[in-house]
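Residue-level listing of the chains:
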Amino acid sequence: MMSAPAATPADTPSARTITVRFLTPADLPALQALEQRQWTAQQAASAQAMLQRMQAHPQLCVGAFCVTTGEALASLFMKPMSREAIEQARDWADCARIDPQADTPAPSGGSLFGISLTSVDGEAAWALIRFFWPHALQQGWRDIYLGSPMPGYRRAREQHPRLSAEHHARARRRGLPADPQLRYYHRKGFKDIVAVRAGYFPHEASLDHAAVLRGRIPWSRWSPVWRRLPLPVLQRLSGWVTALL
């Protein structure tokens, strides 16, 4: 789950054959089924919202599907957004809102905001990242931000009523974040906490708090080099790139 408040993708390997591609409107029924499976009615994205994201940023909307059944196993929606806007946003809705005029990316790429990563399969979720990384390098994207729930916060508050969300977000256990969701993202490369927000999105176990995280795209500093390479070459290198996450 990236950015919005959903279930944590499992880390267990998938036995299914998975195909990953950019999303199209024809995928909406499968995507709606995935949303309804993983999110509450309040949290789930509507078909209209997902269509709007695809139309505004078709190269930033990716899905993983079961080859046999056609079931949507994971979806990833992103949008261009400046670091300043992300850090100043009050909540997830401010970041996720689609504005075609304001969302036009700069020619040199820049930062992305992960609107949502919804998954019922850990391998499918990771396959999305492996698929998108070569495209990110070629297009000049340098980092991705997301808002993560902190599902350990409510339980921690029950034990320590005066514990602040900021302290919980930055607490460490054996060098890793103590919160399970933050630990999951830390292992996937989202290691920088840029803000902790109250009322970021509805998530009971987090007491509606979230940590805004930043993940740097490996090798993105050499963007001028990657832009000159054919995409198939970068795709062959994607295994090396994602191994750095």
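Residues numbered from 1 in each chain as written. Predicted model: local features only at pLDDT ≥ 70, side-chain atom pairs only at ≥ 80, totals over all residues. Heavy atoms only, no water.

*Asks:* So, the packing of aromatic side chains: which residues are in play, and what are the values?
*Replies:* Within this structure, the stated rule accounts for four aromatic pairs. Summarising the aromatic geometry, the rings of Y185 and F190 are spaced 6.0 Å apart at their centres and angled 75° between planes, so their arrangement reads as edge-to-face. Per residue, the accessibility class of Y185 equals that of F190, and both read buried. Among the aromatic side chains, those forming a connected cluster through ring pairs are Y184, Y185 and F190. The cationic tip of K188 hangs over the ring face of W126; the distance from NZ or CZ to the ring centre is 4.5 Å. (Phe/Tyr/Trp six-rings, centres within 6.5 Å; stacked < 30°, edge-to-face > 60°. Buried < 20%, exposed > 50% of the residue type's maximum accessible area, 1.4 Å probe, protein only. Lys NZ or Arg CZ within 6 Å of the ring centre and 35° of its normal.)

*Asks:* Got a sec to walk through the layout of surface pockets? Specific residues and values, please.
*Replies:* Taken as a whole, the largest pocket spans an internal volume of roughly 320 Å³. If you trace the largest pocket, you find 17 residues lining it, with G152, R155, A156, H168 and R173 closest to the centre. At the level of secondary structure, the elements contributing two or more residues to the lining of the largest pocket comprise α6 (153–159), α7 (165–170) and α8 (180–187). Per-element accounting of the lining of the largest pocket gives the leading share, five residues, to α6. Here the lining of the largest pocket is built from residues that sort into seven nonpolar, four polar and six charged. (1 Å grid on protein atoms, 1.4 Å probe; cavity = no way out; pocket = protein on both sides within 12 Å on 5 of 7 lines; lining within 4 Å. Points joined across faces, edges and corners; volume = space filled by probe spheres on them. Helix = DSSP H or I, 4+ residues; strand = E, 2+ residues; numbered from the N terminus. Nonpolar A, V, L, I, M, F, W, Y, C, P; charged D, E, K, R; others polar.)

*Asks:* Account for empty space enclosed by the protein, naming residues and giving values.
*Replies:* Counted according to the given criterion, the structure contains two cavities of 30 Å³ or more. Volume-wise, the second largest cavity comes out at about 50 Å³. Every residue along the wall of the second largest cavity is listed here: A169, R172, P177, L182, H186, F190, K191, I193 and L213. Breaking the lining of the second largest cavity down by element, the ones donating at least two residues are α8 and β8 (190–197). The leading source of residues in the lining of the second largest cavity is β8, at three residues. Looking at the lining of the second largest cavity, its residues break down into six nonpolar, one polar and two charged.

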